[in-house]
Amino acid sequence: MKNPKFDFFRKPDLIIYALVLVVLVCSFFLWGRVQGETGGFAVVSVNGTERTTLPLGTDTEVVVEGFAGLNCTVCVADGAAYVTEADCPDKLCAKHSPISRTGESIVCLPARITVTIRGAETSEIDGVAR
Amino acid sequence: MRLKDKTPTLALLGIMVAAAFILSYLESLLPSISGIPGVKAGLANIPTLLVLYTQGPAGAALVSIARIILAGLTFNGLSAMLFSLAGAVVSLIFMTVLKKIGTFSITAVSVVGGVCHNIGQLAASCVMIGMPILYYLPVLIVSGAVAGALVGVITTLTLKHLRNSIKEG
């Protein structure tokens, strides 16, 4: 005696599995959007005044004209900002590692350029409540 | 219904709450299989599903909520309890509706239950922790579906073997 109630699979199940797949795909889109929102901005200022704001979600490269004719090239890639080229003598800003978290900054003193991250995630999850 | 007729149902629900509680405890002892917190096999939902298919949604809700409160107060912690409750409510609603439609297998209903449980849980934690944890969603959907399928298959097998001992109410 075979009772269809105990079948592991029935044809109409396919509708359900397809719906789950659709929800999964949608969640990936949502994921991308949330990532873009949490990515924040890199704020570039020269001599204390804001010049440009670069969203961390989109990869760009901007040449910033600094103080005394010294230029810096600010690059955004993989959700982090960094300085690729600098005219200043010490090139400390170009040696700085990429920044991506709120409050982090790169400073080029001779050119008076600062790159500061705003509105990004403050820190990675460091604990899980159980 | 007279008390005499209620007794088997009461006894069954009691056993199911106990079984779910123990399964919850076992799962909390196991280290996370995948290394991702929140990803569990959901074994504790087997009794819930069993009751849903033999006693209906009210009994299933009772078993599920009793189990979550018991596990929350004893070992899972209060925040996990609140997240679980949100997940359980969402998943029970969806599973009840799908079961009512009647054309789907227990496995498929359970898959939806698993996915909905995780979505409900994530929604609750979004309200409490904030939007960024939404990036967890795809992982939780996949794990919910896999866990749901596993729970569905186990429940189907269990029901098959117990079909003569459990009275449907």
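Per chain, residue numbering runs from 1 following the sequence as it is written. In the order they appear in the text, chains get letters beginning with A and ligands get numbers beginning with 1. Thresholds applied to this predicted model are a pLDDT of at least 70 for local features of residues and 80 or more for the giving and counting of side-chain atom pairs; totals over whole chains, interfaces and linings are not thresholded and use all residues.

Turning our eyes to something else, we now look at the pairing of strand 5 (residues 80-86) of chain A. Residue and element names in this part refer to chain A. One bridge is not enough; two strands pair if DSSP finds at least two bridges between them. Strands here are runs of E lasting at least two residues and helices are runs of H or I lasting at least four, both read from the DSSP assignment and numbered beginning at the N terminus. Across 6 bridges, the pairing between strand 4 (residues 71-77) and strand 5 is antiparallel. Looking across to strand 5, one finds that Val 76 is bridged to Ala 81. Where strand 4 hands over to strand 5, the hairpin turn is made up of 2 residues, of which Asp 78 adopts a positive phi near 55°.

This paragraph deals with the confidence of the model for chain B. Residues and elements named next belong to chain B. Note: pLDDT gives the predictor's confidence per residue, expressed from 0 to 100. Here chain B shows a mean pLDDT of 87. Residues at 70 or above account for 90%. Per-element averaging of pLDDT across chain B places helix 1 (residues 3-29) at the bottom with 88 and helix 2 (residues 45-55) at the top with 94. In the predicted complex, the global pTM is 0.68; the interface-specific ipTM is 0.80.

All names here are of chain A. Taken together, 4 strands build an open sheet; the order of strands is 2-1-7-6 and the sheet is antiparallel. Strands with a single pairing partner mark the edges of an open sheet, and in this sheet they are strand 2 (49-55) and strand 6 (105-108). Within the sheet, the average angular offset between the axes of one strand and its neighbour, ignoring direction, is 20°. Bridge count for strand 6 against strand 7 (residues 113-118) is 4 bridges, and the pairing is antiparallel. If you follow Val 107 over to strand 7, its bridge partner there is Thr 114. Fitting a line to C-alpha atoms yields each axis, with helices limited to the stretch in contact; the angle taken between N-to-C directions then spans 0 to 180 degrees.

We now examine unusual backbone geometry. Note on backbone geometry: most residues besides glycine have negative phi, and most peptide bonds are trans. Residue and element names in this part refer to chain A. With a phi close to 55°, Asp 78 is a non-glycine residue in the positive phi region. Mapping Asp 78 onto the fold places it in the loop between strand 4 and strand 5. Counting other C-beta atoms within 10 Å of a residue's C-beta gives its exposure: the residue is buried at 20 or more, exposed at 12 or fewer, and partly exposed in between, where C-beta atoms are placed from the backbone. The exposed category is assigned to Asp 78, around which 9 C-beta atoms lie within 10 Å. A positive phi angle is found at Lys 91, which is not glycine, with a value near 55°. Topologically, Lys 91 is positioned in the loop between strand 5 and helix 2 (92-95).

To continue, consider helix 3 (residues 57-76) of chain B. Residues and elements named next belong to chain B. Take the number of residues in a helix, subtract one, and multiply by 1.5 Å to get its expected span. When the terminal C-alpha atoms of helix 3 are compared, their 25 Å separation across 20 residues is substantially less than the 28 Å that a helix rising 1.5 Å per residue should span. All buried positions along helix 3 are accounted for by Gly 59, Ala 60, Val 63, Ser 64, Arg 67, Ile 68, Ala 71 and Asn 76. Along the long axis of helix 3, the arc covered by the buried residues comes to 160°, so they all point the same way. Backbone geometry just after helix 3 places Gly 77 at a positive phi near 95°. By arc we mean the arc of the directions from the helix axis to the C-beta atoms, nothing more.

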